[in-house]
Amino acid sequence: MAAEIQPKPQTRTPVLLNKIEASQDVVNTAVIIPKEDGVISVSEDRTIRIWLKRDSGQYWPSIYHTMPDSCSCMSFNPETRRLSMGMENGTISVSDCFSHQGRVTVVLFVLEMEWVLSTGQDKNFTWHCSESGTQLGLYRTTAWVSGLQFDVETRHAFVGDYSGQVTILKLELDSCSLVTTFKGHTGNVTALCWDPVQRVLFSGSADHSIIMWDIGGGKGTAIELQGHNEKVQGLCYAPHTRQLISCSSDGGIVIWNMDVTRQETPEWLDSDSCQKCEQPFFWNFKQMWDSKKIGLRQHHCRKCGQAVCGKCSAKRSTIPLMGFEFEVRVCDSCHESITDEDRAPTATFHDSKHSIVYMHYEPTMGWLLTSGADKVVKVRQTQCLLRQRLDRQPNSDLFSTNWSFDQSQIFSHQIFFRVELIEG
């Protein structure tokens with residue numbers, strides 16, 4: 001039986017700073033330009049736009065570029081100001097290299113390697129040399145890939161797909177090897193986030209859950225976080241405050257405190273009878289006949305994992321340290337053992353007031369960006385800062401110069417631009 005979900009009161013709501021509403025179609029990806037009042041967006045309407053904040057307080061597109069097809073994804077490197085775009089058609093017929101025969105789902109630019117990693121609906125994961133456009137390697141996945149992260153130090157790629165599993169690959173210059181796979185979601189993986197310091201991987205899914213995979217701890221622990229009512233659309237991690245930010249398609253934003261000792265959820269135990277009152281379950285015909293009793297429906301306590309009947313698990317409770325921010329089913333004995341301190345929430349809940357398609361967090365400014373199915377991009381100030389952001393004066397170079405695109409590399413399904421400031 002599904003747990004009854006009751007949202008908690010919202011507190012410490014992120015402050016809405018601005019809205020960008022000039023897009024003609026859904027914005028698939030948008031990023032904040034660090035240390036500047038600017039936003040870069042790519043859209044289904046085939047446009048790439050750079051929005052700069054004007055004296056009026058509104059964002060206006062200073063750069064407007066039309067692509068041959070819809071832009072499905074984007075990666076922006078702030079150091080080199082390089083954009084990498086994935087396209088709806090999977091390829092840009094400029095070179096003879098074809099990597100994807102369908103929509104590009106994720107693209108990542110790795111500056112340290114000069115690699116471009118990409119995935120598509122054709123179930124291919126590829127990596128290219130960003131300087132020559134040469135394809136270096138390819139790995140065939142079992143399902144569409146919907147999430148991708150990369151660890152520069154170990155050259156490990158984390159690939160999440162529609163089957164619900166996360167595959168870890170060790171990449172070499174022209175080959176790769178399978179390290180392991182993580183299986184924990186019942187729905188397709190929709191988002192991945194990698195913390196290279198703590199060596200923790202977060203995965204979000206269409207099953208509304210988030211799993212924290214402790215890779216660097218050496219214990220192989222997997223912590224579940226249950227705080228969304230719809231599929232998870234984005235994950236961002238704030239390392240300085242150890243907070244995880246997640247969003248879902250219904251517009252919900254959850255800020256998780258990861259600076260607490262969390263517990264793994266127990267495995268559900270199998271039994272033919274209630275492990276509390278020993279009443280038979282409805283498939284246990286022998287015990288039903290011997291005891292002359294009608295079989296009961298099986299449930300599970302979310303705290304201890306025991307198989308119990310409805311009478312022995314009629315109570316509900318939150319268990320935040322196990323990731324259950326909503327009330328879930330627990331057995332009577334576990335309900336008595338949970339204290340008020342155990343019920344103290346470890347997450348705050350907020351409403352973005354639009355159906356979120358993509359989310360981006362800029363840690364140096366504490367800004368959170370969301371793009372929605374309503375074609376609106378919203379920028380918020382969050383509480384995920386170690387200290388108050390210093391008052392910044394507008395960058396004189398930014399406002400006294402013009403932006404331009406210098407098209408430097410085009411290959412396969414990605415198109416690269418180097419965004420530069422040209423003296424006006």
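In this text, all values refer to a predicted model and were calculated from it rather than measured experimentally.

## Looking at the sheet that holds strand 2 (residues 27–32)
Now for step 1: Spatially, 2-3-4-5 is the arrangement adopted by the 4 strands of the open sheet, whose pairing is antiparallel. On the outer flanks of this sheet lie strand 2 and strand 5 (59–66), each paired with one strand and no other. Pairwise comparison of adjacent strand axes, ignoring direction, gives a mean angle of 20 degrees for this sheet.
Now for step 2: Across 5 bridges, the pairing between strand 3 (residues 38–43) and strand 4 (residues 47–53) is antiparallel. Considered in strand 4, the bridge of Ser41 is made with Arg49.

## Topic: the confidence of the model for the chain
Now for step 1: Of the residues in the chain, 84% reach a pLDDT of 70 or more, and the chain-wide mean stands at 83.
Now for step 2: Per-residue pLDDT stays below 50 along residues 1–11; that stretch engages in 24 contacts with residues further than four places along the chain or on separate chains.
Now for step 3: Across residues 385–424, confidence stays below pLDDT 50; counting only partners more than four residues off in sequence or on other chains, it has 126 contacts.

## So, the pattern of salt bridges
Side chains that differ in sign of charge can pair as their charged atoms come close.
Now for step 1: Under the criterion given, the structure shown has 10 salt bridges.
Now for step 2: For the salt bridge of Glu88 with Arg103, the shortest nitrogen-to-oxygen distance reads 2.1 Å. Here Glu88 is found in the loop between strand 7 (82–87) and strand 8 (104–110), whereas its partner Arg103 is found in the loop between strand 7 and strand 8, with 15 residues between them in sequence.
Now for step 3: Residue Asp151 is joined to Arg199 by a salt bridge in which the shortest nitrogen-to-oxygen separation is 3.0 Å. Highlighted residues: Asp151 in strand 12 (residues 145–151) and Arg199 in the loop between strand 16 (189–195) and strand 17 (200–205), separated in sequence by 48 residues.
Now for step 4: According to the relative accessible area criterion, Asp151 is buried, its value standing at 3%.
Now for step 5: When salt bridges that share partners are traced, they join Glu44, Glu88 and Arg103 into one network.

Parameters at a glance
- Residues numbered from 1 in each chain as written.
- Predicted model: local features only at pLDDT ≥ 70, side-chain atom pairs only at ≥ 80, totals over all residues.
- Heavy atoms only, no water.
- Pairing = 2+ DSSP bridges.
- Helix = DSSP H or I, 4+ residues; strand = E, 2+ residues; numbered from the N terminus.
- Axes fitted to C-alpha atoms, helices over the stretch in contact; angles between N-to-C directions.
- pLDDT = per-residue confidence, 0-100.
- Contact = heavy atoms within 4.5 Å.
- Salt bridge = Lys/Arg side-chain N within 4 Å of Asp/Glu carboxyl O.
- Buried < 20%, exposed > 50% of the residue type's maximum accessible area, 1.4 Å probe, protein only.

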